[in-house]
Amino acid sequence: MLQHRPHTTVVLAMSADGKIADCRREPARFGSRADKAHLEKQIAASDAVLFGAGTLGAYGTTLTISDPNLLQHRAQGVKPLQPIHIVITHSGNLNPEIRFFKQPVERWLLTTAGGAASWNRRENTLRDHLPQLEKGENGTGSPKGWHLQQSKPEQNSASQSSVQEYPPKFEQILVFETPTGEIDISTALKHLATLHITRLVVLGGGQLVASLLELDLIDELWLTVCPLILGGSNAPTPVDGQGFLSHLAPKLQLLEVNTVEQEVFLHYRLQR
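Here is a short report on the structure shown in this document. Within each chain, residue numbers correspond to sequence positions counted from 1 in written order. For this predicted model, a pLDDT threshold of at least 70 governs which residues receive local features, and a threshold of 80 or more governs which side-chain atom pairs are given and counted, while totals over whole chains, interfaces and linings are taken from all residues. Working from all heavy atoms in the structure, the side-chain values ignore hydrogens and water.

Attention now goes to the sheet that holds strand S4 (residues 107-111). Read across the open sheet, the nine strands follow the order S5-S4-S3-S2-S6-S1-S7-S9-S8; overall the sheet is mixed. Single-partner strands in this sheet number two, and they are strand S5 (172-175) and strand S8 (252-260). Across the sheet, the mean angle from the axis of one strand to that of its neighbour is 20°, orientation sign disregarded. The criterion for strand pairing is that DSSP finds at least two bridges linking the strands in question. Numbering of helices and strands runs from the N terminus; a helix is a DSSP stretch of H or I covering at least four residues, while a strand is a stretch of E covering at least two. The pairing of S4 with S5 spans four bridges and is classified as parallel. Only the contacting stretch of a helix is used when fitting its axis, a line to C-alpha atoms as for every element, and angles between N-to-C directions run 0 to 180 degrees.

Here you go:
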């Protein structure tokens, strides 16, 4: 039976005072090797990874699976070596030159109609300025979303050849929009289920997690508590947004607690 949406797990590392980045919102690199291995394991168990534009902008990359055992396990399960990496952004204002777009993963964009148009303009501008990019630099093969990146009719044959050497940076652009112009995340996740994406890992940021919680779209959370205190009223937390009143707050069931050296790994399930 087809799931109505993917089983969705949030995986985040935070300071002892519940911050996922410092007050400057710089990349959070305070997790240990054990935390990185834990994150890689969760990614390897997924069909797709979802993260916000702010998270992508902070790091410029995504975490790919490199552990040989995890790669072998995916291959034995007849899965792609890397899950699909989905960027969610309302505006589509992404930097097409960051390292993420050269990593060997399949990339999808989840956005609004305006966001898709904005991204297409940015990518077309880059194509105009860099016409001789190497073939297949993103290592993902034939792009499924090519229809969203068609060349202009008036281009000559030489220009068309250059376009063919520059496959779209996103293999699919998914547009799901509410009547108010926001991303329709609920419908988007239902659509992912029809594409046989049954397990989804969310890597942040806090605003995305808040939106998913408000829509009751999260099933589990893995939180790594790291031994430092960041403080700061502007430092992001695992769940940003307006917050919940205590009597309406999502309730959690603790499934397991693991301690590795100075870090604590907390595994929760959403109670329903």
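For the exposure calls, accessible area comes from a 1.4 Å probe over protein chains only, and a residue counts as buried if that area is under 20% of its type's maximum, exposed if over 50%, partly exposed in between. Those residues of helix H7 (residues 206-214) that fall on the buried side of the exposure criterion are Gly 206, Leu 208, Val 209, Ala 210, Leu 212 and Leu 213. We call two residues in contact whenever any of their non-hydrogen atoms come within 4.5 Å of each other. Considering only its buried residues, H7 is in contact with strand S1 (7-15), strand S2 (48-52), strand S3 (84-88), helix H6 (185-194), strand S6 (199-202) and strand S9 (263-270). One or two residues past the end of H7 sits Asp 216, with phi positive at roughly 55°.

Quick look at the pattern of salt bridges now. Just to be clear on terms, a salt bridge is a Lys or Arg side-chain nitrogen sitting within 4 Å of an Asp or Glu carboxyl oxygen. Per the stated rule, a full pass over the model turns up four salt bridges. The residue Asp 216 makes a salt bridge to Arg 272 at a minimum N-O spacing of 3.0 Å. Here Asp 216, found in the loop between H7 and strand S7 (220-226), pairs with Arg 272, found in the segment after S9; they are 56 residues apart in sequence, far enough to count as distant. Accessibility expressed as a relative area gives 58% for Arg 272, which makes it exposed.

Among the residues making up H6, those that are buried are Ile 185, Ala 188, Leu 189, Leu 192 and Ala 193. Buried residues of H6, seen end-on, are gathered within an arc of 145° and therefore sit on one face of the element. Contacts from the buried residues of H6 go to S1, S3, S4, S5, S6 and H7. Where H6 terminates, the next one or two residues include His 196, which has phi positive at roughly 65°. An arc is given here, and it is the one of the directions from the helix axis to the C-beta atoms.

This part covers the environment of Val 105. Note that Val 105 resides in the loop between S3 and S4. Taking the relative accessible area as the measure of exposure, Val 105 reaches 1% and is therefore buried. With 40 residues separating them in the primary sequence, Val 105 and Ile 65 have C-alpha atoms 9.9 Å apart.

This part takes up the environment of His 267. With respect to the secondary-structure elements, His 267 resides in strand S9. Using a relative accessible area of 9% as the deciding quantity, one classes His 267 as buried. Through-space distance from the C-alpha of His 267 to that of Leu 221 is 5.8 Å; in sequence the pair is 46 residues apart. With residues up to four places along the chain from it excluded, the contact list for His 267 reads Glu 220, Leu 221, Trp 222, Gln 253, Leu 254, Leu 255 and Glu 256. We define a polar contact as two N or O atoms separated by no more than 3.5 Å, with the added condition that, inside protein, one atom must be a possible hydrogen donor and the other a possible acceptor, whereas residues neighbouring each other in sequence contribute only through side-chain atom pairs. A distance of 2.5 Å separates the side chain of His 267 from the side chain of Glu 220, its partner in a polar contact.

Turning next to the packing of aromatic side chains. Working definition: rings of Phe, Tyr and Trp (its six-membered ring) pair if their centres are within 6.5 Å, and the pair is stacked with planes under 30 degrees apart, edge-to-face with planes over 60 apart, and tilted otherwise. Summed over all chains, the structure comprises five aromatic pairs. Geometrically, the ring pair formed by Phe 51 and Phe 100 is edge-to-face, given 5.9 Å between the ring centres and 85° between the ring planes. One end of the pair, Phe 51, is in strand S2; the other, Phe 100, is in the loop between S3 and S4, with 49 residues separating them in the sequence. For the ring pair Phe 101 and Trp 119, a centre distance of 5.4 Å and an interplane angle of 20° mean the geometry is stacked. Linking Phe 101 in the loop between S3 and S4 with Trp 119 in helix H4 (residues 113-129), this pair joins segments that are 18 residues apart in sequence. Look at Phe 101 and you get buried, because its relative accessible area is 1%. An aromatic cluster of three or more residues is present, and its members are Phe 51, Phe 100, Phe 101, Trp 119 and Phe 170. Seen from the ring of Phe 100, Arg 107 lies directly overhead, with NZ or CZ sitting 5.6 Å from the centre. When the NZ atom of lysine or the CZ atom of arginine is within 6 Å of a ring's centre and also within 35 degrees of its normal, the charge is said to sit over that ring.

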